[in-house]
Amino acid sequence: MTAQALADYVPDRSLAAKIRRRLTRWQVAAPLSVQPRETYICFTFDDFPKSAADTGAEILDEVGAKGGYYACTGMAGTTGTMGDLFDERDLAPLTAAGHEICAHTESHIDCARTSMKDVLIDIDTNLARLREMGHTLPVTQFAWPYGETSAGLKPALTTKFEAVRGILPGVNNKGADLMQLSAYELDADEASTARAAAAIEAAARNPTWLFVFTHDVRQNGSPWGTTPDSLRRLVRLARDTGANLVTPSRAVQEILGKDPA
Ligand SMILES: [Zn+2]
């Protein structure tokens, strides 16, 4: 799917779909087995636009934060509402700086409206394309496009990924679903920045695992992106709270007490 097609796509907004989403969220596929003892904050970028790879990474680098980039390989090299999307030249500089490349399907499919077989094929294509683009590090993280998933599909990803992010707001405490982690969206509405800031401040008082996600990082960007000023404000706030600003896989390792691979 191109960036423009993404802009035009709207997931099912019917009442039945809203109920299904709620039931799906309740059906935890892989509960987080421990309560985080410190606060971990992951700044993440979906799809992902070049502005996230350059401006976004610069803002993280200013404070030594490491982020996650969920790459939809079918969008690579395209241009749309979010500006220019990443291409293979963006991958190595990000990982060299300590950021993480994560999976996000090849075709930006709505996984709730696609057969499980086709979803798994699309994910495998995504992983194969990343390798073809020169990314040879393990890809252990995934985000559901549009946040859409199903109760049947979530368990199928437990053997593919260590952790999977959704888009529903909230923090991730013991019992959170590793196959549908909550995340605060940062979009063009200034209220989203305030909401994420409040969550970061609350997380400083109660150790937890918190994701922030956005798309492009530009002045006058897309409705799904944020401005450099808003992102910088949040990243500095997060830094000032003393939270660990790490990649998603690093957060998994530290929360679960695993040795880094
Ligand atoms: Zn996406």
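About the criteria used
- Along each chain, residues carry numbers from 1 onward, in the same order as the chain's sequence is written.
- Local features are withheld for residues below a pLDDT of 70 in this predicted model, meaning they are given only at 70 or higher, and side-chain atom pairs are given and counted only at 80 or more; totals for whole chains, interfaces and linings count all residues.
- Derived side-chain values reflect all non-hydrogen atoms in the structure, with water molecules and hydrogen atoms excluded from consideration.
- UniProt positions are given in the numbering used here, feature names are shortened, and annotations may be inferred rather than shown by experiment.
- Throughout this description, buried means an accessible area under 20% of the type-specific maximum (1.4 Å probe, protein chains only), exposed means over 50%, and partly exposed covers the range between.
- Numbering of helices and strands runs from the N terminus; a helix is a DSSP stretch of H or I covering at least four residues, while a strand is a stretch of E covering at least two.
- For two strands to be treated as a pair, DSSP must find at least two bridges joining them.
- A 2.8 Å cut-off from the metal defines N, O and S donors, relaxed to 3.2 Å for Na, K and Ca; water is not in the atom list, so some sites may appear incomplete.
- Here an axis means a line fitted to C-alpha atoms, over the contact stretch when the element is a helix, while the angle between two N-to-C directions is reported on a 0 to 180 degree scale.
- Between 65 and 115 degrees an angle is taken as roughly perpendicular, under 35 as roughly parallel, over 145 as roughly antiparallel, and anywhere else as oblique.
- Here a crossing is taken to be left-handed if its near helix is turned anticlockwise relative to the far helix by less than a right angle, and right-handed if that turn runs clockwise.
- Between two residues, a contact is recorded if the distance between any of their heavy atoms is within 4.5 Å.
- Ten residues, namely Ala, Val, Leu, Ile, Met, Phe, Trp, Tyr, Cys and Pro, are considered nonpolar, four, namely Asp, Glu, Lys and Arg, are considered charged, and the remaining ones, Gly among them, are considered polar.
- A pairing counts as a salt bridge when a side-chain nitrogen of Lys or Arg comes within 4 Å of a carboxyl oxygen of Asp or Glu.
- What makes a patch is a set of residues exposed beyond 30% relative accessible area and free of salt bridges, joined within 9 Å when like-charged and within 5 Å when nonpolar (Val, Leu, Ile, Met, Phe, Trp, Tyr).
- Using a 1.4 Å probe, the Shrake-Rupley method yields the accessible areas, and only the shown protein chains count as cover for residues.

- Where an unreviewed UniProt entry is consulted, the protein appears under the name Chitooligosaccharide deacetylase, with the organism given as Henriciella pelagia.
- According to UniProt, the comment filed for the protein under the heading Sequence similarities (unreviewed entry) is "Belongs to the polysaccharide deacetylase family."
- Within the UniProt record for the protein, the comment given under Function (unreviewed entry) is "Is involved in generating a small heat-stable compound (Nod), an acylated oligomer of N-acetylglucosamine, that stimulates mitosis in various plant protoplasts."

1. Concerning the pairing of strand β1 (residues 40-47)
Moving on, step 1. For β1, the tally of buried residues reaches 8 of 8 residues, placing the bulk of the element in the interior.
Moving on, step 2. Across 6 bridges, the pairing between β1 and strand β9 (residues 209-214) is parallel. Bridge pairing in β9 places tyrosine 40 opposite tryptophan 209.
Moving on, step 3. Bridging between β1 and strand β10 (residues 244-245) involves 2 bridges; their strand directions are parallel. Bridge pairing in β10 links tyrosine 40 to asparagine 244.

2. Details of the coordination of the zinc ion
Moving on, step 1. Coordination of the zinc ion by the protein comes from Asp47 (OD), His104 (NE2) and His108 (NE2), over a distance range of 2.1 Å.
Moving on, step 2. Written as a sequence motif, the donor arrangement for the zinc ion is D-x56-H-x3-H. Remark: histidine 108 occurs in the loop between β5 (100-103) and α5 (116-132) and aspartate 47 occurs in strand β1; sequence separation between them is 61 residues.
Moving on, step 3. A residue is classified by how much of its surface remains accessible, and histidine 108, at 3% relative accessible area, is buried.

3. Some remarks on the packing of helix α3 (residues 50-62) against helix α7 (residues 228-240)
Packed helices, taken two at a time, are described by the angle their axes make and the gap between the axes.
Moving on, step 1. Contact pair α3 / α7: the axes reach a minimum separation of 10 Å and the direction vectors enclose 25°. Considering the angle they form, α3 stands roughly parallel to α7. Crossing of α3 against α7: the hand is right-handed. Across from Thr55, Gly56, Ile59, Leu60 and Glu62 in α3, the residues of α7 making contact are Pro228, Leu231, Arg232, Val235 and Arg236.
Moving on, step 2. Considering only residue class, the contact of α3 with α7 consists of 5 nonpolar, 2 polar and 3 charged.

4. Concerning the UniProt feature "domain: NodB homology" (unreviewed entry) in the protein
Moving on, step 1. Within this structure's numbering, the places UniProt gives as "domain: NodB homology" (unreviewed entry) are residues 36-152.
Moving on, step 2. Secondary structure across residues 36-152 divides into 31% helix and 20% strand, with the first and last C-alpha atoms of the span separated by 27 Å.

5. So, the pattern of salt bridges
Moving on, step 1. Enumeration over the complete set of coordinates arrives at 17 salt bridges.
Moving on, step 2. Aspartate 87 is paired through a salt bridge with lysine 50; the nearest N and O atoms lie 3.1 Å apart. Placement of the pair is aspartate 87 in the loop between β4 (83-84) and α4 (91-96) and lysine 50 in helix α3, with a sequence separation of 37 residues.
Moving on, step 3. The exposure class of aspartate 87 is buried, given its relative accessible area of 13%.
Moving on, step 4. The class of lysine 50 is partly exposed, set by a relative accessible area of 21%.
Moving on, step 5. As a salt-bridge pair, arginine 250 and glutamate 254 come within 2.6 Å of each other at their nearest N and O atoms. Here arginine 250 and its partner glutamate 254 are both found in helix α8 (residues 248-256), 4 residues apart, which amounts to about one turn of the helix.
Moving on, step 6. Judged by relative accessible area, glutamate 254 falls into the partly exposed class, the value being 29%.
Moving on, step 7. One network of salt bridges, with partners in common, ties together Lys50, Asp87, Arg89 and Asp90.

6. Remarks on a nonpolar patch on the surface
Moving on, step 1. Side chains of Leu15, Ile19, Leu23 and Trp26 sit close together on the surface and give an oily, nonpolar patch of about 470 Å² of accessible area.
Moving on, step 2. Inspection of the secondary structure assignment puts leucine 15 in helix α2 (residues 15-26).

7. Examining unusual backbone geometry
Moving on, step 1. A cis amide bond links aspartate 47 to the next residue, phenylalanine 48, at an omega of -10°.
Moving on, step 2. Take phenylalanine 48: it is sitting in the loop between β1 and α3.
Moving on, step 3. A positive phi angle, close to 95°, is found at aspartate 47, a residue other than glycine.
Moving on, step 4. By relative accessible area, aspartate 47 is classed as buried at 1%.
Moving on, step 5. The phi dihedral of tyrosine 146 falls on the positive side, at around 60°, and the residue is not glycine.

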